[in-house]
Amino acid sequence: MKITLRGKNIEITDAIEEKVGEKLSKLDKYFIVSENVEAKVLVRTYPYGQKIEVTIPTEYVLLRAEVVDQDLYNAIDLVIDKLEGQIRKYKTRLNRKSKDNKLAFNLASIEPLDDEEEDVLVKTKTITPKPMDMEEAIMQMELIGHSFFVYRDTETDAISIVYRRNDGDYGLIETE
């Protein structure tokens, strides 16, 4: 697997590069076509900790994980654990759905999850998005205590979704 490592607000040292390479090489056993897989790793430093984001786009599935921790080396370990968990989860789902797996994983080397619970739809809710502007939608979201809010934008008349990001700021998803 190829690795592209970038740093924001941090200099990527040889030790960091070696640690990331060593940990990501453990994932090579899961991929059948490892020379076509490129892992993109972004390391950032914030006042509240170190963040590592790993994105591995394969032909059939996108693996992505991010972890924030005070210790960068601990964050690297945790992000690899998350990625391995995602691979196990995909294997379990694929084994349930079909015997002819197209996924570019070496499924024989992955242990299935024993305690994997099947995804169950718990609740269905139908809404009629009300026309409002983004500021009003953020206020409504805060009032009901949700992390997102669906509304019809008064300017574009399109359905939009405002949400609270992990860093505390807000994001906006607009539809066409």
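Residues numbered from 1 in each chain as written. Predicted model: local features only at pLDDT ≥ 70, side-chain atom pairs only at ≥ 80, totals over all residues. Heavy atoms only, no water.

Colleague: Any chance you could break down the sheet that holds strand E4 (residues 62–69) for me, citing the residues and the numbers?
Modeller: Across the sheet, which stays open at both edges, the 4 strands sit in the order E1-E2-E3-E4 with mixed pairing between neighbours. The strands lining the two open edges of the sheet, one partner per strand, are strand E1 (2–8) and E4. Put simply, the sheet's adjacent strands are angled 15° from each other on average, direction ignored. Pairing analysis gives 8 bridges linking strand E3 (residues 49–57) to E4, with the strands arranged antiparallel. Its bridge partner lying in E4, Val 54 is registered against Ala 65. (Pairing = 2+ DSSP bridges. Helix = DSSP H or I, 4+ residues; strand = E, 2+ residues; numbered from the N terminus. Axes fitted to C-alpha atoms, helices over the stretch in contact; angles between N-to-C directions.)

Colleague: Break down the layout of surface pockets for me, with residues and values.
Modeller: Remark: the empty space left among the atoms is shown by a probe the size of a water molecule rolled over them. In this structure, the largest pocket encloses a volume near 350 Å³. Around the largest pocket sit Lys 125, Ile 127, Thr 128, Pro 129, Lys 130, Met 132, Gln 140, Ile 144, His 146, Phe 148, Phe 149 and Val 150, which together line it. When residues of the lining of the largest pocket are traced back to their parent elements, those giving at least two are helix H3 (134–144) and strand E6 (148–153). The leading source of residues in the lining of the largest pocket is E6, at 3 residues. (1 Å grid on protein atoms, 1.4 Å probe; cavity = no way out; pocket = protein on both sides within 12 Å on 5 of 7 lines; lining within 4 Å. Points joined across faces, edges and corners; volume = space filled by probe spheres on them.)

Colleague: Go over the side chain of Glu 53 with me, naming the residues and quoting the values.
Modeller: Tracing the backbone through its elements, the reader meets Glu 53 in strand E3. Among the polar contacts made by the side chain of Glu 53, one reaches the side chain of Lys 51 at a distance of 3.4 Å. A distance of 3.3 Å separates polar atoms of two side chains, one belonging to Glu 53 and the other to Arg 64. Once residues within four sequence positions are removed from consideration, Glu 53 is found in contact with Lys 40, Val 41, Leu 42, Arg 44, Arg 64, Ala 65 and Glu 66. (Polar contact = N/O pair within 3.5 Å; in protein donor to acceptor, adjacent residues only side chain to side chain. Contact = heavy atoms within 4.5 Å.)

Colleague: Kindly report on the nonpolar core, identifying the contributing residues and their values.
Modeller: In terms of nonpolar packing, the biggest core is built from 23 residues, with Leu 24, Leu 27, Ile 52, Val 54, Ile 56 and Leu 83 touching the most fellow members. Looking at this core, the elements with two or more residues in it are helix H1 (14–25), strand E2 (38–46), E3, E4 and helix H2 (72–97). The leading source of residues in this core is H2, at 7 residues. Among residues more than four places away in sequence, those in contact with Ile 52 are Val 20, Val 41, Leu 42, Val 43, Ala 65, Glu 66, Val 67, Ala 75, Ile 76 and Val 79. Counting 7 residues, the second-largest nonpolar core is a separate cluster that includes Met 132, Phe 149, Tyr 151 and Val 162. (Core = buried A, V, L, I, M, F, W, Y, C linked by side-chain atoms within 4.5 Å. Buried < 20%, exposed > 50% of the residue type's maximum accessible area, 1.4 Å probe, protein only.)

Colleague: Hey, could you go over the pattern of salt bridges for me, with residue numbers and the actual values?
Modeller: In total, this model carries 9 salt bridges according to the counting rule given. A salt bridge links Asp 77 to Lys 23; its shortest N-O distance comes to 3.2 Å. Highlighted residues: Asp 77 in helix H2 and Lys 23 in helix H1, separated in sequence by 54 residues. Through salt bridges that share partners, Arg 44, Lys 51, Glu 53, Arg 64 and Glu 66 make up one connected network. (Salt bridge = Lys/Arg side-chain N within 4 Å of Asp/Glu carboxyl O.)

Colleague: Tell me about H1, residues and numbers included.
Modeller: Two residues of an α-helix separated by three or four positions point the same way, owing to the 3.6 residues in each turn. Between the first and last C-alpha of H1 there are 16 Å, a value that for 12 residues agrees with the 16 Å anticipated at 1.5 Å per step. Buried within H1 we find Ile 16, Lys 19, Val 20, Lys 23 and Leu 24. In an axial view of H1, the angular spread of the buried residues amounts to 120°, which keeps them on one side of the axis. When the buried face of H1 is taken as reference, the exposed residues oriented beyond 90 degrees from it are Asp 14 and Glu 18. (Expected span 1.5 Å × (residues − 1). Arc of directions from axis to C-beta.)

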